[in-house]
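# Tertiary structure, described
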Amino acid sequence: MHDPRAYTVGWICAIGTERVAAQAFLDEKHEGPDQVSPHDGNDYTLGKIGEHHVVIAVLPSGEYGVTCAAVVARDMLHSFPNVRLGLMVGIGGGAPSSEHDIRLGDIVVSAPCDEHGGVFQYDFGETVQGQRFRTTGFLSPPPVALRTAVSGLRSQYQIAGHAIEATIDAALERHPRLRNKYMRPPPDSDRLYHSCHVHPSNNDSDCAVVCGDGPSHMVARPPRLEHEDNPVVHYGLIASANQLMKDAWMRDRLAVEKDVLCFEMEAAGLVNHFPCLVIRGICDYSDSHKNKKWQGYAAMTAAAYAKDLLRWVLLDKAEGEMLPIETWY
């Protein structure tokens with residue numbers, strides 16, 4: 001294998017579906033590490049994207065949340081001490097609004113805004129009598145090299161569009177076994193229900209059967225035009241917590257009050273100790289209408305964007321980033 005000190009990009013996934021998508025976009029795959037730190041419980045995939053040596057780790061099966069993600073990142077830094085840039089790449093729940101036409105398969109990239117560094121933990125704060133719940137603390141923004149690359153890539157996308165769908169098609173051509181789970185689902189399976197319409201509890205049947213698809217239940221949205229990017233990349237605030245967001249009313253409230261674009265369960269445990277950019281492919285709408293049909297494709301869109309981004313980051317910029325202030329030794 002390559003020297004562990006050669007790896008400067010740490011890529012963390014929450015579930016196996018995300019790890020498979022990440023591996024599908026490696027330009028090179030390396031042999032696994034011969035040994036890791038004695039207390040490192042992670043399993044790694046090693047490889048290269050562009051000029052960058054990348055180490056990929058996933059949370060243990062069945063474990064979720066900010067604490068588990070922090071442990072995985074800590075152990076990675078023990079075994080790969082030169083990791084300078086972190087990526088948290090995978091799926092998340094979208095928060096569509098009148099300001100943000102977020103659809104399944106779209107990508108949300110964490111970006112600093114107002115008093116937030118791109119991610120905020122919405123289940124950590126205080127309630128003051130007679131006032132709203134107020135979040136406390138500050139989560140760090142992504143490393144400068146990644147923020148600079150996001151800005152450059154965003155400008156490039158605005159001028160020339162992106163090739164994310166073509167990149168995914170090429171990956172599925174190389175790995176045909178993935179097509180069934182990771183290709184784009186039919187457009188009619190992208191259903192956004194009105195916030196007041198709740199999926200019946202204790203009923204796992206498909207929403208098309210039990211929730212209907214009429215205008216009284218679903219939000220009417222015109223199809224995207226042929227000249228528009230699809231998927232669309234959105235930049236803004238990602239909300240993170242130890243719980244899965246399944247409440248459309250709370251989703252809409254945070255979308256209005258904080259301009260939240262996406263919900264997930266791991267990033268808040270990482271960003272202060274493992275400087276990283278969070279990239280999420282949208283697989284549902286953070287409401288009661290959960291389904292897994294879009295998880296594979298959403299994982300692919302997020303990973304395809306991450307690959308584009310790493311190709312934009314110059315190697316010397318990555319190597320010049322400071323190590324995390326606290327590495328949990």
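Because the structure is a prediction, the values reported are computed rather than measured.

## Quick look at the overall build of the protein
Looking only at helices and strands, one finds nine helices and 12 strands in the protein. Relative to the 2.2 N^0.38 estimate, which gives 20 Å for 329 residues, the radius of gyration of the protein is 19 Å and therefore close to what a compact globule would have. In the protein, which comprises 329 residues, the share counted as buried stands at 52%. In the protein, once contacts between residues fewer than 6 apart in sequence are set aside, the share between residues at least 24 apart is 78%.

## With respect to the nonpolar core
If you look at the biggest cluster of nonpolar residues, it comprises 87 residues, and the most contacted ones within it are W11, L87, I279, Y305 and L309. Ranked by residue count, the leading element in this core is helix 8 (residues 295-312), at 11 residues. The contact partners of L87, leaving out residues within four places of it in the chain, are V9, G10, W11, I12, L146, F274, C276, L277, I279, A306, L309 and L310. Among the nonpolar cores identified, the runner-up in size contains 11 residues, and L237, M245, V260 and F263 belong to it.

## Observations regarding the pattern of salt bridges
Summed over all chains, the structure comprises 16 salt bridges. For E173, the salt bridge is made with R179, and the minimal N-O distance between the two is 3.2 Å. Taking relative accessible area as the criterion, E173 reaches 57% and is therefore assigned exposed. One salt bridge in this structure joins E257 and R253, with 3.3 Å as the shortest N-O distance. Of this pair, E257 and R253 both sit in helix 7 (residues 248-258), four residues apart, which is roughly one turn of the helix. Judged by its relative accessible area of 33%, E257 is partly exposed. Under the relative-accessibility criterion, R253 is labelled partly exposed at 35%. Overlapping salt bridges, with partners in common, bring together E18, E264, E266 and R280 in one network.

## Structural notes on helix 8
The end-to-end C-alpha distance of helix 8 is 26 Å, a good match for the 26 Å that 18 residues give at a rise of 1.5 Å each. Burial analysis of helix 8 places 16 of its 18 residues in the buried class, the great majority of the element.

## Observations concerning the confidence of the model for the protein
Mean pLDDT over the protein works out to 87, with 90% of the residues at or above the 70 mark. Long-range and interchain partners of residues 125-131, a stretch whose pLDDT sits below 50, account for 10 contacts in this model, where long-range means more than four residues apart. Below a pLDDT of 50 lies the segment residues 325-329, which in the model reaches 12 contacts outside its immediate sequence neighbourhood of four places, other chains included.

## A few points about the pairing of strand 5 (residues 85-94)
Most of strand 5 sits out of view: 10 of its 10 residues are buried. Sheet topology places strand 5 next to strand 12 (residues 276-284); eight bridges connect them, and they run parallel. Bridging from a neighbouring strand, L87 pairs with L277 of strand 12. Looking at chain direction, strand 5 and strand 11 (residues 260-264) are connected through two bridges and run antiparallel. Paired with G93 across the two strands is F263, which belongs to strand 11.

## A few points about unusual backbone geometry
Residues N230 and P231 are joined by a peptide bond in cis, for which omega reads 10 degrees. You can see P231 is positioned in the loop between helix 6 (207-210) and strand 10 (233-240). In this model, S286 sits at a positive phi of 55 degrees, which is unusual for a non-glycine residue. Inspection of the secondary structure puts S286 in the loop between strand 12 and helix 8.

## Considering the environment of C276
Residue placement: C276 occurs in strand 12. Not counting chain neighbours up to four residues away, the residues in contact with C276 comprise G86, L87, P142, P143, L270 and V271.

## A few points about the packing of aromatic side chains
If you walk through the whole model with that rule in mind, you get six aromatic pairs. Both rings, one in Y44 and one in F80, keep their centres 4.9 Å apart while their planes meet at 75 degrees; by these two values the pair is edge-to-face. Of the two residues, Y44 is situated in strand 3 (residues 44-49) and F80 in the loop between helix 2 (66-79) and strand 5; the sequence distance between them amounts to 36 residues. Judged by its relative accessible area of 7%, Y44 is buried. Of the aromatic side chains, those joined through ring pairs into one cluster are Y7, Y44 and F80. A cation over an aromatic ring shows up here: K258 above the ring of F120, its NZ or CZ 5.7 Å from the ring centre.

## Quick look at the environment of L261
Within the fold, L261 resides in strand 11. For the pair L261 and L309, spaced 48 residues apart in the sequence, the C-alpha separation amounts to 20 Å.

Rules of the game
- Residues numbered from 1 in each chain as written.
- Predicted model: local features only at pLDDT ≥ 70, side-chain atom pairs only at ≥ 80, totals over all residues.
- Heavy atoms only, no water.
- Helix = DSSP H or I, 4+ residues; strand = E, 2+ residues; numbered from the N terminus.
- Rg over C-alpha atoms; globule rule 2.2 N^0.38 Å.
- Buried < 20%, exposed > 50% of the residue type's maximum accessible area, 1.4 Å probe, protein only.
- Contact = heavy atoms within 4.5 Å.
- Core = buried A, V, L, I, M, F, W, Y, C linked by side-chain atoms within 4.5 Å.
- Salt bridge = Lys/Arg side-chain N within 4 Å of Asp/Glu carboxyl O.
- Expected span 1.5 Å × (residues − 1).
- pLDDT = per-residue confidence, 0-100.
- Pairing = 2+ DSSP bridges.
- Phe/Tyr/Trp six-rings, centres within 6.5 Å; stacked < 30°, edge-to-face > 60°.
- Lys NZ or Arg CZ within 6 Å of the ring centre and 35° of its normal.

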